Amino acid sequence: MPGKAAKKSKRDALKRHGTLNPHPNAVTDPLVETGDFFDRDDVVQVKYEMLRRVTVDEQSVTQSAAAFGFSRPTYYQAEADFQRDGLFGLLPEKRGPRRGHKLTPEVLDFAIQLRASDPSLRPLDLAAAIQERFAVNAHPRSIEGALRRQKKKTSLNPAAGACKTAPEILISAYEDLRQAAEGSSSRGLGMAIFLGQGMVAWMLACSRVGSTNPDNARRCQTPAAPLPNELRGEIVLVLATMALKQAPEVHP
């Protein structure tokens, strides 16, 4: 069990990433009592495990949401974010003016597709198209703001680029960590980062590795920030695991 200094260091890391759970005591699921791996302070992990209780363990949404300290609407929002962006979709949104409720994911996707097909379209044009398609009266400024936030979110999401870790690989890597923590597997790599700094630090470490495909690596123009020496060994292990997962099987 980690000491007070280690716990404080991890909480500080979670706070830096904006993923410190504001209501850790509301998490009552038995998982948080099983060891150091499941941390009620890590809101990204808490959200993922909440979703997992329903999809894997077939628990009801009401029961799972309550056990992890969330409401049913929060559960469904987390589910939609996860389906769209993977683990990075579970990152808390920054505080500030909330997105207009009229701009649902479906409406926003429609606007994104329109803008992609014709970049000359103004927010006023998009508002008219949305009104015609969905009978929704969205303000042009709201549309422009939502598109700007979506573009920023995509550019900052390490799972979105061709030279980054694919969402499904990242989820699989977390499941390996989870099994290792439960003692049913020895494949949990990156555990030191995960336990010491939290889920997002581990996710970012995986994304820094980049793609194991040389063509993708050459297309990645932005160099990753240097990692501390003590983390490099863990990153090498993560890279090796990703390479093994992507390599084709060879049969004699």
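Residues numbered from 1 in each chain as written. Predicted model: local features only at pLDDT ≥ 70, side-chain atom pairs only at ≥ 80, totals over all residues. Heavy atoms only, no water.

A. Representation of the packing of aromatic side chains within the structure. Applying the stated criterion across every chain yields a total of 9 aromatic pairs. On the basis of an interplanar angle of 80 degrees and a centroid distance of 4.9 Å, the ring pair of Y48 and Y174 is categorised as edge-to-face. Residue Y48 is found in helix α2 (residues 43-55), and its partner Y174 is found in helix α8 (residues 167-181); the two are separated by 126 residues along the sequence. Given a relative accessible area of 6%, Y48 falls into the buried group. (Phe/Tyr/Trp six-rings, centres within 6.5 Å; stacked < 30°, edge-to-face > 60°. Helix = DSSP H or I, 4+ residues; strand = E, 2+ residues; numbered from the N terminus. Buried < 20%, exposed > 50% of the residue type's maximum accessible area, 1.4 Å probe, protein only.)

B. Structural detail: the packing of α2 against α8. One can describe the packing of α2 onto α8 by two numbers: an axis separation of 13 Å at closest approach and a directional angle of 90 degrees. Judged on the interaxial angle alone, α8 and α2 are roughly perpendicular. Here α2 contributes Q45, Y48, E49 and R52 to the contact with α8, which in turn contributes I171, Y174, E175 and R178. Partitioning the contact of α2 with α8 into residue classes produces 3 nonpolar, 1 polar and 4 charged. (Axes fitted to C-alpha atoms, helices over the stretch in contact; angles between N-to-C directions. Parallel < 35°, antiparallel > 145°, perpendicular 65-115°, else oblique. Contact = heavy atoms within 4.5 Å. Nonpolar A, V, L, I, M, F, W, Y, C, P; charged D, E, K, R; others polar.)

C. Molecular detail of the nonpolar core. Counting residues in each nonpolar core, the largest one holds 36 residues, and the members touching the most others are F68, L87, Y174, W202 and M203. Looking at this core, the elements that each hand over two or more residues are α2, α3 (61-67), α4 (72-85), α8, α9 (191-197) and α10 (199-209). Setting aside chain neighbours within four positions, we find L87 in contact with V44, Y48, F82, L170, I171, Y174, M199, W202 and M203. Membership of the second largest hydrophobic core comes to 13 residues, among which are L103, L126, A127 and L147. (Core = buried A, V, L, I, M, F, W, Y, C linked by side-chain atoms within 4.5 Å.)

D. Representation of the environment of F70 within the structure. Within the secondary structure, F70 is located in the loop between α3 and α4. In this structure the C-alpha to C-alpha distance between F70 and V27, which are 43 residues apart in sequence, comes to 8.5 Å.

E. Structural view of the packing of α2 against α4. Orientation of α2 relative to α4, taken along the N-to-C sense of each, is 95 degrees, at an axis distance of 10 Å. Taken together, the axes of α2 and α4 lie roughly perpendicular to each other. Contact with α2, carried on its side by K47, Y48, M50, L51 and V54, involves Y75, A78, E79 and F82 of α4 and no other residues of that element.

F. Helix α1 (residues 4-17), seen in detail. The end-to-end C-alpha distance of α1 is 20 Å, a good match for the 20 Å that 14 residues give at a rise of 1.5 Å each. If you check which residues of α1 are buried, you get K10, A13 and L14. Along α1, the residues classed as buried sweep out an arc of 100 degrees about the axis, all on the same side. In α1, the exposed positions angled more than 90 degrees off the buried face are occupied by K4, A5, K8, K15 and R16. The secondary structure elements touched by the buried residues of α1 are α9. (Expected span 1.5 Å × (residues − 1). Arc of directions from axis to C-beta.)

G. Representation of empty space enclosed by the protein within the structure. Tallying each qualifying case throughout the model produces 2 cavities of 30 Å³ or more. Volume-wise, the second largest cavity comes out at about 50 Å³. Lining the second largest cavity are L31, V32, F38, D39, R40, Q45, V46, E49 and F68. Here the residues of the lining of the second largest cavity are counted per class, giving 5 nonpolar, 1 polar and 3 charged. (1 Å grid on protein atoms, 1.4 Å probe; cavity = no way out; pocket = protein on both sides within 12 Å on 5 of 7 lines; lining within 4 Å. Points joined across faces, edges and corners; volume = space filled by probe spheres on them.)

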